[in-house]
Amino acid sequence: MIAKLGFGVLMLKEGNFHILSKSHILVYGIKGTVAEFCKNIVLAGVGSLTLVDDRVVNEEALSANFLILPDDNLFQGKTLAEVCCDSLKEFNPMVRVSVEKGDISTFGVEFFEKFDVVVISCCSLAKKKLINQKCRKLSKRVAFYTVDCRGSCGEIFVDLQNYKYSKKKLEENIDCQLEYPSFEEAISVPWRALPRRVSKLYFAMRVIEGFEDVEGSNPGETLIADLPGVLKLRKELCETNSLNESQIPNALLERLLIGTREYPPVCAIIGGILGQEVIKAISGKGDPLKNFFFFDAMDGKGLIEDISE
């Protein structure tokens with residue numbers, strides 16, 4: 001079985017495909033990067049995909065989400081989840097694609113028990129923490145991912161909790177185990193305790209995320225006009241964490257605030273990598289990402305950062 005992803009091609013052995021076909025995935029917040037991810041896992045043959053996004057389709061959604069056809073008559077009055085659901089069903093009729101309505105933060109813990117993987121995007125800092133906590137309260141292990149893309153930059157966070165997997169070394173399979181922190185635990189690690197080589201994107205994303213949290217604004221609503229407030233928060237956070245402000249350059253923050261819309265090529269890369277990581281987590285085969293991934297199209301580099309105590 002071959003699953004064609006937006007970033008490379010993933011070969012699935014028959015046993016892995018059987019496991020994948022029994023998996024259930026929940027996705028919240030559908031923009032361009034998440035659309036790429038959904039396409040990838042539907043083509044790979046997951047058991048079911050449930051979409052949650054009650055926002056109405058607008059012009060911005062058309063800029064990077066290829067699941068939405070540019071025809072007003074087709075999606076008039078429909079939510080993003082409903083429109084994307086219709087498109088995804090055509091990619092693989094064997095996969096059950098459905099829509100769940102409502103604010104995901106109000107869903108009880110038992111709701112998440114139906115899923116093996118939860119992927120969220122377009123979420124506030126508080127919502128990321130809340131949903132991750134609900135996944136961790138379950139008796140079963142639910143893989144949790146956040147994904148965000150701003151212009152030419154993207155970020156993935158992974159929480160697989162206590163994760164056991166196998167990988168091939170030479171001609172034998174080796175059993176491995178990794179312990180993941182929650183999203184809240186990861187971002188609570190003091191900056192001064194992190195290696196100096198940590199991606200500047202990590203700090204920049206935390207500053208913008210923190211600014212949106214303080215202002216009560218939705219993710220992606222922070223614009224270049226907010227730069228003075230963002231720089232003020234950067235100064236405060238750097239002083240608190242004993243970090244030199246040069247680790248979060250003005251130019252990088254400006255670029256993230258100007259490029260609030262997603263770039264389709266970046267969506268393809270981030271969505272493809274996320275698809276591969278989710279398939280690895282479901283199958284238990286291969287080294288998983290731990291626990292942040294950053295991509296910047298300006299230098300074409302993808303960096304994995306282990307932000308843990």
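Just so it is clear, the model here is predicted, and its values are computed rather than measured.

Scoring rules and cut-offs
Residues numbered from 1 in each chain as written. Predicted model: local features only at pLDDT ≥ 70, side-chain atom pairs only at ≥ 80, totals over all residues. Heavy atoms only, no water. Core = buried A, V, L, I, M, F, W, Y, C linked by side-chain atoms within 4.5 Å. Buried < 20%, exposed > 50% of the residue type's maximum accessible area, 1.4 Å probe, protein only. Helix = DSSP H or I, 4+ residues; strand = E, 2+ residues; numbered from the N terminus. Contact = heavy atoms within 4.5 Å. Domains from an automatic or database assignment. Buried area = accessible area lost by both parts, 1.4 Å probe. Salt bridge = Lys/Arg side-chain N within 4 Å of Asp/Glu carboxyl O. 1 Å grid on protein atoms, 1.4 Å probe; cavity = no way out; pocket = protein on both sides within 12 Å on 5 of 7 lines; lining within 4 Å. Points joined across faces, edges and corners; volume = space filled by probe spheres on them. Nonpolar A, V, L, I, M, F, W, Y, C, P; charged D, E, K, R; others polar. Expected span 1.5 Å × (residues − 1). Arc of directions from axis to C-beta. Phe/Tyr/Trp six-rings, centres within 6.5 Å; stacked < 30°, edge-to-face > 60°.

**Comments concerning the nonpolar core**
Okay, so step 1: Ranked by size, the top nonpolar core spans 51 residues in total, and within it Ile 25, Val 27, Phe 37, Leu 49, Leu 51, Tyr 145 and Ile 156 carry the most contacts.
Okay, so step 2: Examining the composition of this core, we find that 9 residues originate from one element, helix 12 (residues 264-283), more than from any other.
Okay, so step 3: Excluding residues within four positions of it along the chain, Leu 51 makes contact with Val 27, Ile 30, Cys 38, Ala 81, Cys 84, Cys 85, Leu 88, Val 97, Ser 98, Val 99 and Glu 100.
Okay, so step 4: Core analysis: the second largest hydrophobic core is formed by 47 residues, Cys 123, Cys 135, Val 189 and Met 205 among them.

**Points about the domain arrangement of the chain**
Okay, so step 1: Taken domain by domain, the chain consists of domain 1 (14-183 + 262-304) and domain 2 (189-258).
Okay, so step 2: Distance from the C-alpha centre of domain 1 to the C-alpha centre of domain 2: 25 Å.
Okay, so step 3: Listed by partner, the interface residues are 19 residues for domain 1 and 15 residues for domain 2.
Okay, so step 4: Its largest share of buried area at the contact with domain 2, domain 1 owes to Leu 125, Arg 150 and Phe 294, together 46% of the area lost on that side.
Okay, so step 5: For the pair domain 1 and domain 2, the number of links is 4 salt bridges.

**Looking at the layout of surface pockets**
The rolling of a water-molecule-sized probe over the atoms marks out the regions of remaining empty space.
Okay, so step 1: In this structure, the largest pocket encloses a volume near 840 Å³.
Okay, so step 2: If you trace the largest pocket, you find 42 residues lining it, with Lys 31, Arg 55, Cys 122, Pro 219 and Gly 220 closest to the centre.
Okay, so step 3: Among the elements that line the lining of the largest pocket, the one with the most residues is helix 9 (residues 200-215), at 5 residues.
Okay, so step 4: Residues of the lining of the largest pocket, tallied by class, amount to 14 nonpolar, 11 polar and 17 charged.
Okay, so step 5: Each of domain 1 (14-183 + 262-304) and domain 2 (189-258) gives at least three residues to the lining of the largest pocket.

**A look at helix 10 (residues 227-240)**
Helical geometry note: an α-helix holds 3.6 residues per turn, so side chains three or four residues apart project in the same direction.
Okay, so step 1: Here helix 10 is 14 residues long and its end C-alpha atoms lie 20 Å apart, about the 20 Å a rise of 1.5 Å per residue gives.
Okay, so step 2: All of the buried residues in helix 10 are Leu 227, Val 230, Leu 233, Arg 234 and Cys 238. Seen along its axis, helix 10 keeps its buried residues to an arc of 135°; they face one direction. The exposed set on the far side of helix 10, more than 90 degrees from its buried face, consists of Pro 228, Lys 232, Glu 239 and Thr 240.
Okay, so step 3: Structurally, helix 10 contributes buried residues whose contacts are with helix 9 and helix 11 (250-258).

**Digging into the packing of aromatic side chains**
The geometry of two aromatic rings is summed up by the distance between their centres and the angle between their planes.
Okay, so step 1: Applying the stated criterion across every chain, the model contains 13 aromatic pairs.
Okay, so step 2: For the ring pair Phe 144 and Phe 157, a centre distance of 6.5 Å and an interplane angle of 65° mean the geometry is edge-to-face. Placement of the pair is Phe 144 in strand 7 (residues 143-150) and Phe 157 in strand 8 (residues 153-159), with a sequence separation of 13 residues.
Okay, so step 3: Taking relative accessible area as the criterion, Phe 144 reaches 0% and is therefore assigned buried.
Okay, so step 4: Ring plane angle 55° and centroid distance 5.0 Å describe the contact between Phe 157 and Phe 292, whose orientation is recorded as tilted. Of this pair, Phe 157 sits in strand 8 while Phe 292 sits in strand 11 (residues 292-296), placing them 135 residues apart in sequence.
Okay, so step 5: Taking the relative accessible area as the measure of exposure, Phe 157 reaches 0% and is therefore buried.

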